[in-house]
Amino acid sequence: MSAYKIEAGTAQHIGNRPQQNDRVALYTAAQAPGYVMAVLADGNTSAIAADQVLLTSKHLFDEFRVGDTANLPRLQELLRNIAQEVHQVITMNPLAATAEPQSAVALLVLTPQTQAVWAHVGDARIYRFSGETCAMRTNDAAYVTHLVEHDKLPLEAAKKHRASRLLNNALGNSMKAPFVTTGYHAGLQAGDALMLCSDGLWQLFRPEELAAAVARNTPRQAAERLISKAGERAQGKGDNCSMAIIKLVAPPQEAPAYTVEKMRRAV
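In the nomenclature of an unreviewed UniProt entry, the protein chain is known as Serine/threonine-protein phosphatase of Duganella flavida.

Turning to the layout of surface pockets, a few remarks are in order. Computed from the structure, the largest pocket encloses a volume of approximately 360 Å³. Forming the walls of the largest pocket are 23 residues, and the residues nearest its centre are Asp42, Gly43, Asn44, Asp123 and Asp199. Elements that contribute at least two residues to the lining of the largest pocket include exactly strand E3 (32–43) and strand E4 (103–111).

It is worth spelling out the packing of helix H1 (residues 48–63) against helix H2 (residues 72–92) at this point. Closest axis-to-axis distance for the H1/H2 pair is 9 Å, and the angle between their directions is 135°. In terms of orientation, H1 lies oblique with respect to H2. Considering how the two elements wind past one another, H1 and H2 form a crossing that is right-handed. Contacts between H1 and H2 involve Ala49, Gln52, Val53, Thr56, Ser57, Leu60 and Phe61 on the former and, on the latter, Leu78, Asn81, Ile82, Glu85, Val86, Val89 and Ile90. Classifying every residue of the contact of H1 with H2 gives nine nonpolar, four polar and one charged.

Next up on the list: the sheet that holds E4. Here we have five strands laid out as an open sheet, ordered E2-E3-E4-E5-E8, and antiparallel in their pairing. One side of each edge strand has no neighbouring strand; the edge strands of this open sheet are strand E2 (22–29) and strand E8 (181–186). This sheet shows a mean twist of 10° between the axes of neighbouring strands, independent of strand direction. Bridge count for E2 against E3 is eight bridges, and the pairing is antiparallel. Looking at E3, one finds that Asp22 is bridged to Asp42.

Moving on, we get to the packing of aromatic side chains. The final tally for this structure, using the stated rule, is two aromatic pairs. Plain terms: the ring middles of Tyr143 and Phe179 are 5.7 Å apart, the flat faces sit at 40° to each other, and that makes the pair tilted. With Tyr143 in helix H3 (residues 141–149) and Phe179 in the loop between helix H4 (155–159) and E8, this residue pair connects regions lying 36 residues apart in the sequence. For Tyr143, a relative accessible area of 3% gives the class buried. For Phe179, a relative accessible area of 22% corresponds to the partly exposed category.

This next bit is on the environment of Gly200. Topologically, Gly200 is positioned in helix H5 (residues 199–202). Taking C-alpha positions, Gly200 is 10.0 Å from Asp123, a pair spaced 77 residues apart along the chain. When sequence neighbours within four positions are dropped, the list of residues in contact with Gly200 reads Asp239, Asn240 and Cys241.

Attention now moves to H3. Each α-helix winds once per 3.6 residues, and so residues spaced three or four apart point in a common direction. All of the buried residues in H3 are Tyr143, Val144 and Leu147. For H3, the angular spread of the buried residues around the axis is 100°, confining them to a single face. Those residues of H3 that are buried are in contact with H4.

What follows deals with the pattern of salt bridges. Within the structure shown, the criterion is met by 13 salt bridges. Between Arg206 and Glu209 there is a salt bridge; the shortest N-O distance is 3.9 Å. When salt bridges with common partners are traced through the structure, they connect Arg206, Glu208, Glu209 and Arg233 into a single cluster.

To continue, consider the nonpolar core. Of all hydrophobic cores here, the largest spans 32 residues; its most connected members are Met37 and Leu75. Top element by residues in this core is H2. It accounts for eight residues. Leu75 has contacts with Tyr35, Phe64, Ala70, Val109, Thr111 and Val117, leaving out every residue within four places of it along the chain. Ala211, Ala213, Ile227 and Met243 belong to the second-largest nonpolar core, a separate cluster that totals 21 residues.

Time to look at the side chain of Asn217. Its place among the elements puts Asn217 in the loop between helix H6 (207–215) and helix H7 (219–234). According to the relative accessible area criterion, Asn217 is buried, its value standing at 9%. In this structure the side chain of Asn217 is engaged in a polar contact, spanning 2.7 Å, whose partner is the side chain of Arg225.

Our next topic: the sheet that holds strand E10 (residues 241–249). Two pairing modes exist for strands in a sheet, parallel and antiparallel, and in both the strands are linked by backbone hydrogen bonds. Within the open sheet, the five strands sit side by side as E1-E10-E9-E6-E7. Their pairing is antiparallel. Edge positions in the open sheet fall to strand E1 (5–13) and strand E7 (133–137), since each of these has one partner strand only. Averaged over all pairs of adjacent strands, the angle between their axes in this sheet comes to 20°, without regard to strand direction. Sitting on the sheet, H6 touches strand E6 (125–130), E7, strand E9 (192–197) and E10, and the angle it makes with E6 is about 60°. Set on the sheet, H7 makes contact with E1, E9 and E10; between it and E10 the angle comes to about 150°.

Cut-offs applied
Sequence order sets the numbering: in each chain, residues are counted from 1 along the sequence as written. Note on the predicted model: pLDDT of at least 70 is required for a residue's local features to be given, and 80 or more for side-chain atom pairs to be given and counted; whole-chain, interface and lining totals, by contrast, use all residues. Hydrogen atoms and water are omitted, and side-chain values are computed over all heavy atoms in the structure. Cavities and pockets were defined on a 1 Å grid built from protein atoms only: a cavity is a group of points that admits a 1.4 Å probe but offers it no way out, a pocket is an open group of points flanked by protein on both sides within 12 Å along at least five of seven lines, and a lining residue is one with an atom within 4 Å of any such point. Grid points are joined across faces, edges and corners, and a volume is the space filled by probe spheres set on the points. Helix numbering and strand numbering both begin at the N terminus, where a helix is a DSSP run of H or I of at least 4 residues and a strand a DSSP run of E of at least 2. Interaxial angle, 0 to 180 degrees, is taken between N-to-C directions of lines fitted to C-alpha atoms, where a helix line uses only the stretch in contact. Angles are sorted into four bins: roughly parallel if under 35 degrees, roughly antiparallel if over 145, roughly perpendicular if 65 to 115, and oblique for all others. Left-handed is the label given to a crossing in which the near helix is rotated counterclockwise from the far helix by less than a right angle, and right-handed is the label when the rotation is clockwise. By definition, residues are in contact when any of their heavy atoms lie within 4.5 Å. Charged means Asp, Glu, Lys or Arg here, nonpolar means Ala, Val, Leu, Ile, Met, Phe, Trp, Tyr, Cys or Pro, and polar covers whatever is left, Gly included. Two strands form a pair only when DSSP identifies at least two bridges running between them. Classification of ring pairs rests on two measures: the distance between centres of Phe, Tyr or Trp rings, Trp counted by its six-membered ring, which must be within 6.5 Å, and the angle between planes, read as stacked under 30 degrees, edge-to-face over 60 and tilted in between. Whether a residue is buried, partly exposed or exposed follows from its accessible area with a 1.4 Å probe, protein chains only, as a fraction of its type maximum: under 20%, in between, or over 50%, in that order. Summarising the geometry, the arc corresponds to the directions from the helix axis toward the C-beta atoms. Only one rule defines a salt bridge in this text: a Lys or Arg side-chain nitrogen within 4 Å of an Asp or Glu carboxyl oxygen. For this analysis, a nonpolar core means a set of buried residues of the types Ala, Val, Leu, Ile, Met, Phe, Trp, Tyr and Cys, connected via side-chain atoms within 4.5 Å. Two N or O atoms form a polar contact when they lie within 3.5 Å of each other; inside protein one atom must be a possible hydrogen donor and the other a possible acceptor, and for residues adjacent in sequence the pair counts only when both atoms belong to side chains.

What follows is the structure in structure tokens.
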């Protein structure tokens, strides 16, 4: 079982956009005590797809049942299923024929057995920090490799996939099924932290800057400072900025029994 307590929070800022198309949430599982899910969806021109991400994530997470120990392949499959079901629902939406709502997504599950499992599609990002060090950051490397090896694209063309509607990796892209990248980490401990964020945040910061901000502050304080600094750096051209921060903090130490007894005698 975990030897830490969780401090977590979510935050958003509209930036300099006309509306907020990002969505972010933290969930507990109805049938999986001790499990926590973080969800971040970055919609393109509307929040239709991002809203669907939250609805489907909560529905499938509430249905998830676990045994005595966490099954990492099953959790990875759960996250893949969320992404794929959202994609199917979005593409069946009548609005998709004209507006084609799309969303990047980052999904994370923490287990009571000190494990983290994650998945992402598109340019939403997941970070794992160890103190003030960035220990892991998701990227597009697996998708670029997929385009080269599966679709037989030249490497340079694959690296420019965001510039092509056909190649863009997003939920709701009617021209291409989403490519879901998954990963996990076992052995989480106090002092570690995890962060999900949209490109309105991560494009403006180096990983070590994010790690330091999270390590030195509570989730709420870190979010406020990062959003403020993002606004400064964007110089009036800021995108929607959203994040979920989860810090693993050592629980308060209980007083040893002998100390308590000494106090009683003294009284």
